[in-house]
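# Reading the structure
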Amino acid sequence: MLEPLTITYWHWWIFACILLVVEMLAPGVFFLWLGIAAGIVGGLLLFTPGLSLAWQAALFAALSVISVVGWRIYLSKYPPQNDQPLLNHRGQQYLGRVFTVTEPIRNGYGRAKVGDSIWKIAGPDCSAGTQVKVISVDENLCLQVEPVEKI
């Protein structure tokens, strides 16, 4: 006759370690919270060894959901700060900068050399060589410009 499956605290701790290793190999911060939940269940089982397998599984499921949802709520209230918030928003980096038109703006569109590349620009018609200031960037990464008034 088969004996019922007995899971002890160290089984949960091994499971927690496996989940933490998976977290290191997979992108995101999801398995971390599952690993923490498994570690907590293992810790509780250390102090209450008679806890049934059904209660252990239910506790693990509840702690997993609570930890993941709690982290998401915390993250939405306190988003991570970055020292370069425009790093992946290249067009936004050019707001307020002045560039020289390389292809004249005709019918509202032209081109300007920006760094080592050529960008499409939009604004009032003007000739090549005109200094323009970037005032916004549209969803197509076209720089909206206006001529710089000479003093």
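Preceding this section is the structure that the text describes.
Here is what the cut-offs are and how they apply
- Residues numbered from 1 in each chain as written.
- Predicted model: local features only at pLDDT ≥ 70, side-chain atom pairs only at ≥ 80, totals over all residues.
- Heavy atoms only, no water.
- Helix = DSSP H or I, 4+ residues; strand = E, 2+ residues; numbered from the N terminus.
- Expected span 1.5 Å × (residues − 1).
- Buried < 20%, exposed > 50% of the residue type's maximum accessible area, 1.4 Å probe, protein only.
- Contact = heavy atoms within 4.5 Å.
- Core = buried A, V, L, I, M, F, W, Y, C linked by side-chain atoms within 4.5 Å.
- Phe/Tyr/Trp six-rings, centres within 6.5 Å; stacked < 30°, edge-to-face > 60°.
- Lys NZ or Arg CZ within 6 Å of the ring centre and 35° of its normal.
- Disulfide = S-S within 2.5 Å.
- Axes fitted to C-alpha atoms, helices over the stretch in contact; angles between N-to-C directions.
- Parallel < 35°, antiparallel > 145°, perpendicular 65-115°, else oblique.
- Left-handed = near helix turned anticlockwise from the far one by under 90°.
- Nonpolar A, V, L, I, M, F, W, Y, C, P; charged D, E, K, R; others polar.

## Some words on helix H2 (residues 31–47)
An ideal rise of 1.5 Å per residue puts 24 Å on 17 residues; H2 measures up with 25 Å between its terminal C-alpha atoms. All of the buried residues along H2 are Trp-33, Leu-34, Gly-35, Ala-37, Ala-38, Val-41, Gly-42, Gly-43 and Leu-45.

## A look at the environment of Gly-39
Here Gly-39 is to be found in helix H2. Given a relative accessible area of 23%, Gly-39 falls into the partly exposed group. The spacing of Gly-39 and Trp-13 is 26 residues in sequence and 5.3 Å in space, taken between C-alpha atoms.

## Regarding the environment of Gln-93
Turning to its location among the elements, Gln-93 is positioned in the loop between helix H3 (53–77) and strand S1 (98–106). Overall, the relative accessible area of 34% leaves Gln-93 in the partly exposed class. For the pair formed by Gln-93 and Ser-127, sequence separation is 34 residues and the distance between their alpha carbons is 25 Å.

## A few points about the side chain of Gln-56
On the secondary structure map, Gln-56 appears in helix H3. Of the residues examined, Gln-56 reaches a relative accessible area of 2% and is grouped as buried. Sequence-distant contacts of Gln-56, that is, excluding residues within four places in its chain, are made with Ile-7, Trp-12, Val-41, Leu-45 and Leu-51.

## Things to note about the nonpolar core
Counting 14 residues, the largest nonpolar core has Tyr-94, Ile-121, Leu-143 and Val-145 as its most contacted members. Ile-121 has contacts with Val-101, Ile-105, Gly-108, Tyr-109, Gly-110, Arg-111, Ala-112, Cys-142, Leu-143 and Val-145, leaving out every residue within four places of it along the chain. Judged by nonpolar contacts, the second largest core, of 9 residues, contains Trp-12, Ala-16, Leu-45 and Phe-60.

## Overview of the packing of aromatic side chains
Counting across every chain of the model gives 10 aromatic pairs. Here the aromatic rings of Trp-71 and Tyr-74 are separated by 5.6 Å at their centres, their planes lie at 25 degrees, and the arrangement is stacked. Residue Trp-71 and its partner Tyr-74 are both found in helix H3; the two are separated by 3 residues, about one turn of the helix. On the basis of relative accessibility, which here comes to 27%, the residue Trp-71 falls in the partly exposed class. Above the plane of the ring of Tyr-109 lies Lys-120, whose end atom (NZ or CZ) is 4.6 Å from the centre.

## A short note on the state of the cysteines
By the definition in use, this model includes 0 disulfides. Looking at Cys-126, it has no disulfide partner, and the nearest cysteine sulfur is the one in Cys-142, 13 Å off. Classification of Cys-142 by relative accessible area gives buried; the value is 4%.

## A few points about the packing of H2 against H3
Where H2 meets H3, the closest approach of the two axes is 8 Å, and the angle between their N-to-C directions is 140 degrees. Judged by the angle between their axes, H2 and H3 are oblique. By crossing handedness, the relation of H2 to H3 is classed as right-handed. Note on element contacts: H3 touches H2 through Gln-56, Leu-59, Phe-60, Leu-63, Ser-64, Ser-67, Val-68 and Trp-71, opposite Trp-33, Leu-34, Ala-37, Ala-38, Ile-40, Val-41, Leu-44 and Leu-45.

## Notes on the packing of helix H1 (residues 9–25) against H2
Where H1 contacts H2, the two axes come as close as 8 Å, and the packing angle between them is 170 degrees. Of the possible angle classes, the one that applies to H1 and H2 is roughly antiparallel. Classified by chirality, the crossing of H2 by H1 is left-handed. Residues Tyr-9, Trp-12, Trp-13, Phe-15, Ala-16, Leu-19, Leu-20, Val-22 and Glu-23 of H1 form the contact with H2, whose participating residues are Phe-31, Leu-32, Leu-34, Gly-35, Ala-38, Gly-39, Val-41, Gly-42, Gly-43, Leu-45 and Leu-46. Here the residues of the contact of H1 with H2 are counted per class, giving 15 nonpolar, 4 polar and 1 charged.

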